[in-house]
Amino acid sequence: MRADVTESLTRVFFEEWARTGYAALSLERVARTAGVGKAALYRRWPDKVSMASDLLSQVGLTITDVEEQGSLEADLEAVLFALRRVLRHPKVRRTLTDLHSEIGRTPALGTAIRPFQHARRERVDGLIDRAIARREVSPLVDRQMAADLIAAPLYWRLAVVGGRSDRDYIKRLALITGAALRASEPLLR
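Residues numbered from 1 in each chain as written. Predicted model: local features only at pLDDT ≥ 70, side-chain atom pairs only at ≥ 80, totals over all residues. Heavy atoms only, no water.

Participant: Describe the overall build of the chain, and please don't skip the residues or the numbers.
Facilitator: Helices and strands together make up the secondary structure of the chain, namely nine helices and zero strands. Secondary structure of the chain in N-to-C order comes out as α-α-α-α-α-α-α-α-α. In terms of its C-alpha atoms, the chain occupies a principal-axis envelope of roughly 65 × 30 × 30 Å. In the chain, which comprises 189 residues, the share counted as buried stands at 44%. Here the contacts in the chain between residues at least 6 apart in sequence split such that 64% fall between residues at least 24 apart. Just so you have it, the chain exposes about 10200 Å², and 55% of that area is on carbon and sulfur atoms. Here the chain contributes 31 positively and 24 negatively charged side chains, and the mean placements of these two sets differ by 6 Å. (Helix = DSSP H or I, 4+ residues; strand = E, 2+ residues; numbered from the N terminus. Buried < 20%, exposed > 50% of the residue type's maximum accessible area, 1.4 Å probe, protein only. Contact = heavy atoms within 4.5 Å. Areas by Shrake-Rupley, 256 points an atom, 1.4 Å probe, with all protein chains shown as cover. Lys, Arg positive; Asp, Glu negative; His and termini not counted. Charge placed at Lys NZ, Arg CZ, Asp CG, Glu CD.)

Participant: Go over the packing of helix H5 (residues 72-87) against helix H8 (residues 143-160), please, and point to the residues and values.
Facilitator: The interhelical angle for the contact between H5 and H8, taken along N-to-C directions, is 35°, at an axis separation of 10 Å. The handedness of the crossing between H5 and H8 is right-handed. Here H5 contributes Leu-76, Val-79, Leu-80, Leu-83, Arg-84 and Leu-87 to the contact with H8, which in turn contributes Ile-150, Ala-151, Leu-154, Tyr-155 and Leu-158. (Axes fitted to C-alpha atoms, helices over the stretch in contact; angles between N-to-C directions. Left-handed = near helix turned anticlockwise from the far one by under 90°.)

Participant: Could you give me a rundown of the side chain of Ser-53, with the residues and numbers involved?
Facilitator: By the secondary structure assignment, Ser-53 is in helix H4 (residues 48-60). The class for Ser-53 is buried, based on a relative accessible area of 16%.

Participant: Tell me about the nonpolar core, and please be specific about residues and values.
Facilitator: Within the largest apolar cluster, 26 residues are counted, with the highest numbers of intra-cluster contacts made by Leu-72, Leu-76, Leu-127, Ile-128, Val-137, Leu-154 and Leu-181. Of all the secondary-structure elements, those providing two or more residues to this core are H5, helix H7 (107-133), H8 and helix H9 (167-181). If sequence neighbours within four positions are ignored, Leu-72 has contacts with Leu-127, Ala-131, Arg-134, Glu-136, Val-137, Gly-178, Leu-181 and Arg-182. Listed in part, the 25 residues of the second largest apolar core include Val-5, Phe-13, Ile-103 and Phe-116. (Core = buried A, V, L, I, M, F, W, Y, C linked by side-chain atoms within 4.5 Å.)

Participant: So what's going on with a nonpolar patch on the surface? Which residues, and what values?
Facilitator: A surface patch of nonpolar side chains, amounting to about 310 Å² of accessible area, comprises Trp-156, Val-160 and Val-161. Here Trp-156 lies in helix H8. Residue classification places Trp-156 among the exposed residues on the basis of a relative accessible area of 53%. (Patch = residues over 30% accessible without salt bridge, like charges linked within 9 Å, V, L, I, M, F, W, Y side chains within 5 Å. Salt bridge = Lys/Arg side-chain N within 4 Å of Asp/Glu carboxyl O.)

Participant: Now, about the environment of Asp-166: what can you tell me, with residues and values included?
Facilitator: Along the polypeptide, Asp-166 turns up in the loop between H8 and H9. Residue Asp-166 is classed as partly exposed on the basis of its relative accessible area of 44%. Among the polar contacts made by the side chain of Asp-166, one reaches the main-chain amide nitrogen of Tyr-169 at a distance of 2.8 Å. (Polar contact = N/O pair within 3.5 Å; in protein donor to acceptor, adjacent residues only side chain to side chain.)

Participant: So what's going on with the environment of Thr-10? Which residues, and what values?
Facilitator: One can find Thr-10 in helix H1 (residues 3-20). Residues Thr-10 and Leu-55 lie 45 residues apart in sequence; the distance between their C-alpha atoms is 7.1 Å. When neighbours within four sequence positions are excluded, Thr-10 is seen to be in contact with Trp-45 and Leu-55.

Participant: Could you give me a rundown of unusual backbone geometry, with the residues and numbers involved?
Facilitator: In this model, Arg-135 sits at a positive phi of 60°, which is unusual for a non-glycine residue. Tracing the chain through its elements places Arg-135 in the loop between H7 and H8.

Participant: Give me the packing of H5 against H9: which residues, what numbers.
Facilitator: At their nearest, the axes of H5 and H9 sit 9 Å apart, and the two run at 130° to each other. In terms of orientation, H5 lies oblique with respect to H9. Considering the relative orientation of H5 and H9, their crossing is right-handed. Of the residues in H9, those in contact with Leu-72, Glu-73, Leu-76, Glu-77, Leu-80, Phe-81 and Arg-84 of H5 are Arg-167, Ile-170, Lys-171, Leu-173, Ala-174, Leu-175, Thr-177, Gly-178, Ala-179 and Leu-181. Residue classes in the contact of H5 with H9 are distributed as 10 nonpolar, two polar and five charged. (Parallel < 35°, antiparallel > 145°, perpendicular 65-115°, else oblique. Nonpolar A, V, L, I, M, F, W, Y, C, P; charged D, E, K, R; others polar.)

Participant: Just give me the short version of the pattern of salt bridges, but keep the residues and values in it.
Facilitator: In total, this model carries 14 salt bridges according to the counting rule given. Arg-19 is the salt-bridge partner of Glu-16, the closest N and O atoms lying 2.9 Å from each other. Here Glu-16 and its partner Arg-19 are both found in helix H1, three residues apart, which amounts to about one turn of the helix. The exposure class assigned to Arg-19 is exposed, which follows from its relative accessible area of 57%. For Arg-134, the salt bridge goes to Glu-136, with nearest N and O atoms at 2.6 Å.

Written as structure tokens, this is what we have:
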């Protein structure tokens, strides 16, 4: 399969999703807009759920990959700046908010993206592992809650309420999140 066709289909798929929403997204329209036949699309993905799951897993896992920065707050800042860069894009915001709404209406979509969501959370474990190794947080830190705390406030601010997030906001959010993750530190003593 030609990589340029796959790239074109991917680009158009996300453009259409952002424009129409998942429910109204037509794979036939995606193929036509990408300038290829339906067969080219269906050779890659048998249905809309498969296409969404595959493409989200490909683009979503690397969104917040960051190198070790030397401290918990610096790691958090780097992740938050990477996440902010993505969430500032209007098409990404529309697609993500629609995805989260659509999961309730299309259980197969929720099931399909769970592995991607699980893998994203595992990547947060690396950040937590580094903080534990540096003795910045307790080894008993709740990793699931940590993953929620790292992403949710910025997502809520940018995607849900349409707020702003300047550099100062990100720095303060990293400090607050770091403090929250340290809340279990006395358990070590």
